[in-house]
Amino acid sequence: DYKTFERRIPEHAPVGVPWEVCMPISGSWGYKKSDTDFKSATTLIRNLADIASKGGNYLLNVSPTGEGTLLPEAVERLEAIGRWMGVNGESIYDTTASPFVKLDWGRCTKKESDDETILYLHVFDWPSDGKLLVPGVQNREVTARLLSAPDSKALPTQVTDEGLVVELPSDAPDPICTVVVL
């Protein structure tokens, strides 16, 4: 019932079918003492955002040892994902695919209700000039904020011919993936 991609994320989501990416956290599907090729927390978190932005599910395989324990490298990566999700889980859970084909600076997920649409901008590459362009968005009644700082003041926005420009702080709060809520 699902289209499954093994070890790779498709450039575009398959049309009209639920899908997922299954991928091991290291180089092997099963425990191998010699396998030390663990993906970084950055790769795993960005994979999660990429897959969610296309409307897919991320099935991450973690192999226990023969004693039923996880290797420290796996635990470290899973804890990093857990910390990131503790702050940013809203941008992944119950979201749908991005309305954008491709974004140069990261990915986007979306939530819709009867009265509003929320876009979660997953910024991988923080703009050096502090201006994040969301191409094609022309809405003038937009609020923007950092998901990691819900009580902070709104980020300034400006509509241009190219789209909505969100003015960001000079430094990314999370160097792996900072989420901006529109």
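Residues numbered from 1 in each chain as written. Predicted model: local features only at pLDDT ≥ 70, side-chain atom pairs only at ≥ 80, totals over all residues. Heavy atoms only, no water.

## Looking at the side chain of K54
Thought 1: Assignment of secondary structure puts K54 in the loop between α1 (41–53) and β3 (57–61).
Thought 2: A polar contact of 3.1 Å, which involves the side chain of K54, links it to the side chain of D50.
Thought 3: Filtering out sequence-adjacent residues up to four positions away, K54 remains in contact with I9, P10, E11, A13, W19 and A97. (Helix = DSSP H or I, 4+ residues; strand = E, 2+ residues; numbered from the N terminus. Polar contact = N/O pair within 3.5 Å; in protein donor to acceptor, adjacent residues only side chain to side chain. Contact = heavy atoms within 4.5 Å.)

## Topic: the pairing of strand β5 (residues 117–123)
Thought 1: Where burial is concerned, most of β5 is hidden: 6 out of the 7 residues are buried.
Thought 2: As defined by bridge partners, strand β4 (residues 106–112) adjoins β5 across 7 bridges and the pair is classed as antiparallel. Note on β5: the bridge partner recorded for C108 is L121.
Thought 3: Connecting the antiparallel pair β4 and β5 is a turn made up of 4 residues.
Thought 4: The sheet contact formed by β5 and strand β10 (residues 178–181) spans 4 bridges and is antiparallel. Following the sheet pairing, V123 is matched in β10 by T178. (Buried < 20%, exposed > 50% of the residue type's maximum accessible area, 1.4 Å probe, protein only. Pairing = 2+ DSSP bridges.)

## Here's the deal with the environment of L164
Thought 1: Here L164 is to be found in strand β9 (residues 163–167).
Thought 2: In this structure L164 comes out as buried when scored by relative accessible area, which is 1%.
Thought 3: Put simply, L164 and L133 are 31 residues apart on the chain and 5.8 Å apart in space, counted from C-alpha to C-alpha.
Thought 4: Apart from the residues lying within four places of it in its own chain, the contact partners of L164 are L132, L133, V134, V137, N139, V142, T157, Q158, V159 and L182.

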